[in-house]
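# Residue-level structure breakdown
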Amino acid sequence: MLIRHRKRSDIASHEITSESAYLNRRELIKGTGLIAGSLALSSAIGASRSAYAAVMPAPGGKFADVAKGYAKLGGNDAPTSFEDITTYNNFYEFGLDKGDPAEHAHNFKPLPWTVKVDGLCNKPGTIDFNDLIKPAALEERIYRMRCVEAWSMVIPWVGISLASVINRFEPQGSAKFIRFETIVRPTEMRGQRSANLPWPYIEGLRMDEAMNPLSILAVGLYGQPLLGQSGAPIRLVVPWKYGFKGVKSIVRISFVEEQPQNTWKVMNGSEYGFYANVNPKVDHPRWSQASERRIGEFRRRPTLMFNGYEEEVADLYKGMNLSRLY
Ligand code: MTE
């Protein structure tokens, strides 16, 4: 990806994938000629600012009670710096370059915020962000994050278990998948004023993947609420999958029967799949997935099967052909 603000620790896209491969990805976006169509303005309505006081710290502050959660890291998995995590981003709603989200997300207002939960469940509704996260304990989860573009980070998230949220809405047996939708707010998200992607950004998981204890909804990192560029106020984190599954700024969660049409699969299904499991043995058609560049480091390192979470998730995919179902 092109980088507007190049820092010492930044890597240029051509260091990760070939420049032509990268340009191809951008061309793909430019060439689709998508029409943004009926962009709905913000659906974040109703909740008062004061409702957030119970969970959200004052601006610039940290979350009060964050329990130590799961962290399974290798000896060479030091957390990536806060600066790198929050200035080297993919969030096309704010632009295509890695520096765009940090540069432009300050106009984005993540609070108040509501999330609509609907589809095949017994207790659908529109829920205030605060109520969504309040009953559950906030946990720190330090996870590796591997982008499909072959760079990676280690991020100390603050979040809640996705399963604990799902259970509150009582999904029905017919719900086989869960679908997530990002907000559409072109007045604050300048990238949404062009048809770079078909907005809203959509992602999905199979229900058993969503219920896996590793899946979380993140609301912060390094103890602080998420900044706009990281997907404020709430985003998905599924550490054994490529980063594009981590849909940001979620406003809608739906329980559905059919596999959701996730954005990158819709953009180019031969390159980006629904499962998107990190797999060093299945190359991207235009570059190898065998190794990766950790942001802040210079040497490449081997990519681990399921990003190092094989023990926790391999059972989910028993009997599946992971080369075909990438
Ligand atoms: N979510 C939305 N709504 N829009 C995006 O463009 N980019 C995805 C994912 N979630 C994206 C998104 C991609 S490609 C990656 S690699 C991760 O966010 C990057 O997360 P980070 O910027 O916090 O590292």
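Please refer to the structure placed before this passage.
Keep in mind that what you see is a predicted model, and the values were worked out from it rather than measured.

### Side note on the overall build of the protein chain
- A tally of regular secondary structure across the protein chain gives nine helices and 13 strands.
- Across the 326 residues that make up the protein chain, the buried fraction comes to 56%.
- Considering only contacts within the protein chain whose residues lie at least 6 apart along the sequence, 75% involve residues at least 24 apart.
- Accessible area of the protein chain: about 13500 Å², with a carbon and sulfur share of 54%.

### A few points about the pairing of strand 3 (residues 125–128)
- Relative to strand 3, strand 2 (residues 114–119) is paired through four bridges, and the arrangement is antiparallel. In the strand pairing of strand 3, V117 is matched with G125.
- Hairpin connection between strand 2 and strand 3: a loop of five residues separates the two successive antiparallel strands.

### Concerning the site of the ligand
- Around the ligand, the structure places 15 residues, and the nearest of them are Y92, E93, R235, G246 and K248.
- One of the backbone nitrogen or oxygen atoms of Y92 is found 2.8 Å away from an oxygen atom of the ligand.
- With respect to the ligand, the side chain of K248 contributes an N or O atom lying 2.7 Å from an oxygen atom.
- Starting from 530 Å² of accessible surface for the ligand in isolation, the protein chains cover 99%.

### Digging into the pattern of salt bridges
- Taken as a whole and assessed by the stated rule, the structure comprises 21 salt bridges.
- Two residues, E140 and K68, come together in a salt bridge whose shortest N-O distance is 3.0 Å. Taken together, the residues E140 in strand 4 (residues 139–146) and K68 in strand 1 (residues 67–68) connect sequence positions 72 residues apart.
- Looking at E140, the relative accessible area reads 17%, which means it is buried.
- The exposure class of K68 is exposed, given its relative accessible area of 71%.
- Taking the shortest distance from any N to any O, the salt bridge between E297 and R301 comes out at 3.0 Å.

### Here we look at the sheet that holds strand 7 (residues 202–206)
- Read from one edge of the open sheet, five strands run 3-2-11-6-7, paired in mixed fashion. Edge positions in the sheet fall to strand 3 and strand 7, since each of these pairs with one other strand and no more. Across this sheet, the average inter-strand angle for adjacent strands is 20 degrees, counted without regard to direction.
- In terms of strand pairing, strand 6 (residues 177–182) meets strand 11 (residues 250–256) through six bridges, oriented antiparallel. Paired with F180 across the two strands is I253, which belongs to strand 11.

### Let's talk about the side chain of N279
- By the secondary structure assignment, N279 is in the loop between helix 8 (263–267) and strand 12 (291–294).
- A relative accessible area of 6% means that N279 is categorised as buried.
- Ignoring anything within four residues of it in the chain, the contact list for N279 reads Y242, Q289, M305 and L322.

### What to know about the pairing of strand 2
- Strand direction decides the pairing type here: strand 2 and strand 11, joined by four bridges, are parallel. By the bridge assignment, G119 is partnered in strand 11 with F255.

### Some points on the side chain of E149
- You can see E149 is positioned in the loop between strand 4 and strand 5 (151–161).
- Within polar-contact distance, the side chain of E149 engages the side chain of K98 at 3.1 Å.
- Separated by 2.6 Å, the side chains of E149 and W151 make a polar contact.

Rules used in this analysis
- Residues numbered from 1 in each chain as written.
- Predicted model: local features only at pLDDT ≥ 70, side-chain atom pairs only at ≥ 80, totals over all residues.
- Heavy atoms only, no water.
- Helix = DSSP H or I, 4+ residues; strand = E, 2+ residues; numbered from the N terminus.
- Buried < 20%, exposed > 50% of the residue type's maximum accessible area, 1.4 Å probe, protein only.
- Contact = heavy atoms within 4.5 Å.
- Areas by Shrake-Rupley, 256 points an atom, 1.4 Å probe, with all protein chains shown as cover.
- Pairing = 2+ DSSP bridges.
- Near = heavy atom within 4 Å.
- Polar contact = N/O pair within 3.5 Å; in protein donor to acceptor, adjacent residues only side chain to side chain.
- Salt bridge = Lys/Arg side-chain N within 4 Å of Asp/Glu carboxyl O.
- Axes fitted to C-alpha atoms, helices over the stretch in contact; angles between N-to-C directions.

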